[in-house]
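# Residue-level structure breakdown
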Amino acid sequence: MDFSFSLNIDGCMYTPDQLCDRSVMLSVAGCDEDMFNFFSEWLSDETEISAHTSGSTCEPKSIRLMKKSMVESAKRTNAFFGLKAGDRILLCLSTSYIAGKMMVVRAMVGNLNLCLERASSVPVVLGDYDLVSMVPMQVRMLMGKKDGEQTLSRIRYLLVGGSPLPKEVAEWLKTLPLDTYISYGMTETVSHVALSSLKSQCGAEMVYVALPDVSFSADSRDCLVIRAPYLSSIPLVTNDVVRLLSDTTFVWVGRWDNVINTGGVKVFPEMVERKMVGLIDSSFYITSEPSEVFGQQVVLKIEGEPFDVDALMKNLELRLSRFEMPKKIDFVRRFDRTLSGKIKRN
């Protein structure tokens, strides 16, 4: 397969030779060293490129991804959103990570008009776009800005991934005219293999639907197994616990790595956290620590200065089962986070 694509950047077509010319590319507004390095690697004779995992569940690691798989993934995403040549898409993520790289590949494969803005916590959206990809932190920051609603309303499709989307942000997005999709995927699957539409979300459950040619099953732990022939002939076994609805749809429950066995009962932190939304103003998460009585006990970590938790505990008792109730609350001045904004659970 020939990977020597030209690329339309802000309405100007750049040839493969130009994309590999450092002086040319760094003169383009919004293009940085990371992006130029990606162009160079993509247009090399190698059939793979290097990528890095996010580091949210373990130490970040370098892996190799097949360019062919990235092209096939890009084709499926472009087809899902009905993107056609000349459609405008905005890259406001770093190409150091797979989400940013894949926006470039989608533009190459579909002859889309790729518009560039330097990655920041508050994305700049200066025009109308058919597709924009953001992480939840960026959406949350726009939600807090006076012109945030107007900014996002200029987008046709918003793709959000990288970490769970807070409930209050999701509810706000539902009121806007754009169509928002939450992605499920990882670096190993070269971006998403399933998408969930916020507008079609029923209640609190978020149903993920497979991209074309992708199917799912679950192992003995109820963890998701992904079959995507365009990625690999070998199924990918994940550590994501799911409730499988069909071979192409599922509801995400939580990470097997995070499951807490307290008094013989399995508690999934992510499920508990969803029940707690709206009760705590600052960031928080559920974790555990050893317990002589229960084996493990549930611990609530809250970011910021300590406060009186009596009222909080009373509200939690109305929402949580006795096994889900925190046995301890720790206040942490500032949580460790990955570059994409994910909280590192300690």
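For the structure itself, look to the data block above.
Residues numbered from 1 in each chain as written. Predicted model: local features only at pLDDT ≥ 70, side-chain atom pairs only at ≥ 80, totals over all residues. Heavy atoms only, no water.

### Details of the overall build of the protein
Across its full length, the protein carries ten helices and 20 strands. Taken over C-alpha atoms, the radius of gyration comes to 21 Å for the protein, in line with the 20 Å a tight globule of 346 residues would show. If one aligns the C-alpha atoms of the protein with their principal axes, the spans along those axes are about 65 × 50 × 35 Å. For the protein, buried positions account for 48% of its 346 residues. Intrachain contacts of the protein at a sequence separation of at least 6 include 55% that bridge at least 24 residues. When the accessible surface of the protein is summed, it comes to about 16,500 Å², and 50% of that surface belongs to carbon and sulfur atoms. Across the protein, the 39 positively charged side chains and the 43 negatively charged ones have centroids separated by 3 Å. (Helix = DSSP H or I, 4+ residues; strand = E, 2+ residues; numbered from the N terminus. Rg over C-alpha atoms; globule rule 2.2 N^0.38 Å. Buried < 20%, exposed > 50% of the residue type's maximum accessible area, 1.4 Å probe, protein only. Contact = heavy atoms within 4.5 Å. Areas by Shrake-Rupley, 256 points an atom, 1.4 Å probe, with all protein chains shown as cover. Lys, Arg positive; Asp, Glu negative; His and termini not counted. Charge placed at Lys NZ, Arg CZ, Asp CG, Glu CD.)

### Structural notes on the layout of surface pockets
Of the pockets and cavities examined, the second largest pocket occupies roughly 250 Å³. As for the second largest pocket, its lining consists of 16 residues, of which Ser 69, Glu 188, Thr 189, Leu 231 and Ser 232 are closest to the centre. If you list the elements that add at least two residues to the lining of the second largest pocket, you get β4 (62–66) and β13 (223–227). No other element matches β4, which puts four residues into the lining of the second largest pocket. By residue class, the composition of the lining of the second largest pocket is ten nonpolar, three polar and three charged. (1 Å grid on protein atoms, 1.4 Å probe; cavity = no way out; pocket = protein on both sides within 12 Å on 5 of 7 lines; lining within 4 Å. Points joined across faces, edges and corners; volume = space filled by probe spheres on them. Nonpolar A, V, L, I, M, F, W, Y, C, P; charged D, E, K, R; others polar.)

### A look at the nonpolar core
Counting 81 residues, the largest nonpolar core has Phe 39, Trp 42, Met 70, Met 134, Leu 152, Leu 158 and Leu 173 as the members making the most contacts within it. Ranked by residues supplied to this core, first place goes to helix α5 (residues 98–110) with seven residues. For Phe 39, the contacting residues outside a window of four places in its chain are Leu 7, Ile 9, Leu 19, Cys 20, Met 25, Cys 31, Val 104 and Met 108. Grouped together as the second largest cluster of nonpolar side chains are 16 residues, Ile 286, Val 298, Val 309 and Met 325 included. (Core = buried A, V, L, I, M, F, W, Y, C linked by side-chain atoms within 4.5 Å.)

### Notes on the pairing of strand β6 (residues 113–116)
Where burial is concerned, the two faces of β6 agree: the one with Asn 113 and Cys 115 and the one with Leu 114 and Leu 116 are both buried. Where strand β1 (residues 7–9) lies against β6, two bridges are found, and the strand directions are parallel. Of the residues in β6, the one forming a bridge with Asn 8 is Asn 113. Pairing analysis gives four bridges linking strand β5 (residues 88–91) to β6, with the strands arranged parallel. Opposite Arg 88, over in β6, you have Asn 113 as the bridge partner. (Pairing = 2+ DSSP bridges.)

### Let's talk about the packing of helix α6 (residues 136–143) against helix α8 (residues 167–174)
The N-to-C vectors of α6 and α8 enclose an angle of 65°; their axes lie 10 Å apart at closest approach. Here α6 is positioned roughly perpendicular relative to α8, judged by the angle of their axes. Once α6 is placed against α8, the crossing between them reads as left-handed. Across the interface between the two elements, Val 139, Arg 140, Leu 142 and Met 143 from α6 touch Glu 168, Val 169, Trp 172 and Leu 173 from α8. Of the residues assigned to the contact of α6 with α8, the class counts are six nonpolar, no polar and two charged. (Axes fitted to C-alpha atoms, helices over the stretch in contact; angles between N-to-C directions. Parallel < 35°, antiparallel > 145°, perpendicular 65-115°, else oblique. Left-handed = near helix turned anticlockwise from the far one by under 90°.)

### A few points about the sheet that holds strand β18 (residues 284–291)
If you trace the three strands from one edge of the open sheet to the other, you get β18-β19-β20, paired in mixed fashion. Only two strands of the sheet have a single neighbouring strand rather than two, namely β18 and β20 (328–332). In this sheet, neighbouring strand axes are inclined to one another by 35° on average, regardless of whether the strands run parallel or antiparallel. Helix α9 (residues 269–276) rests against β18 and β19 (295–303) of the sheet, and its axis sits at about 135° to β18.

### A look at the packing of aromatic side chains
One pass over the full model with this rule turns up 13 aromatic pairs. Aromatic pair Phe 80 and Tyr 181: ring centres 5.4 Å apart, planes at 90°, arrangement edge-to-face. Pair noted here: Phe 80 is in helix α4 (residues 67–80) and Tyr 181 is in strand β9 (residues 179–186), with a separation of 101 residues, a long-range link. Ring centres of Tyr 184 and Tyr 208 lie 6.1 Å apart, and the angle between their planes is 65°; on these two criteria the pair is classed as edge-to-face. (Phe/Tyr/Trp six-rings, centres within 6.5 Å; stacked < 30°, edge-to-face > 60°.)

### Topic: a nonpolar patch on the surface
The grouping of Val 207, Val 209 and Leu 245 at the surface amounts to a nonpolar patch, some 210 Å² of accessible area in total. Take Val 207: it is sitting in strand β11 (residues 207–210). (Patch = residues over 30% accessible without salt bridge, like charges linked within 9 Å, V, L, I, M, F, W, Y side chains within 5 Å. Salt bridge = Lys/Arg side-chain N within 4 Å of Asp/Glu carboxyl O.)

### Focus on the environment of Thr 248
The residue Thr 248 is located in the loop between β14 (236–244) and β15 (249–255) in this model. Counting along the chain gives 168 residues from Thr 248 to Phe 80, while the straight-line C-alpha distance between them is 15 Å. Not counting the four nearest positions on each side in its chain, Thr 248 is found in contact with Tyr 208, Val 209, Ala 210, Val 214 and Phe 216.

### Some points on the pairing of β5
Each parallel crossover has a hand, and the one from β5 via α5 to β6 is right-handed. As paired elements, β5 and strand β7 (residues 129–134) share two bridges and run parallel to each other. Among the inter-strand pairings, Leu 90 is bridged to a residue of β7, identified as Val 132. (Right-handed = clockwise from strand over helix to strand, strands pointing away.)

### Examining the side chain of Lys 67
Mapping Lys 67 onto the fold places it in helix α4. Of the side chains with opposite charge, Glu 46 lies nearest to the buried Lys 67, which makes no salt bridge, at 7.3 Å. At 2.6 Å, the side chain of Lys 67 and the backbone oxygen of Glu 46 are in polar contact. Beyond its immediate stretch of four places on either side in the chain, Lys 67 contacts Phe 3, Glu 41, Trp 42, Leu 43, Ser 44, Glu 46, Thr 47, Glu 48 and Ile 49. (Polar contact = N/O pair within 3.5 Å; in protein donor to acceptor, adjacent residues only side chain to side chain.)

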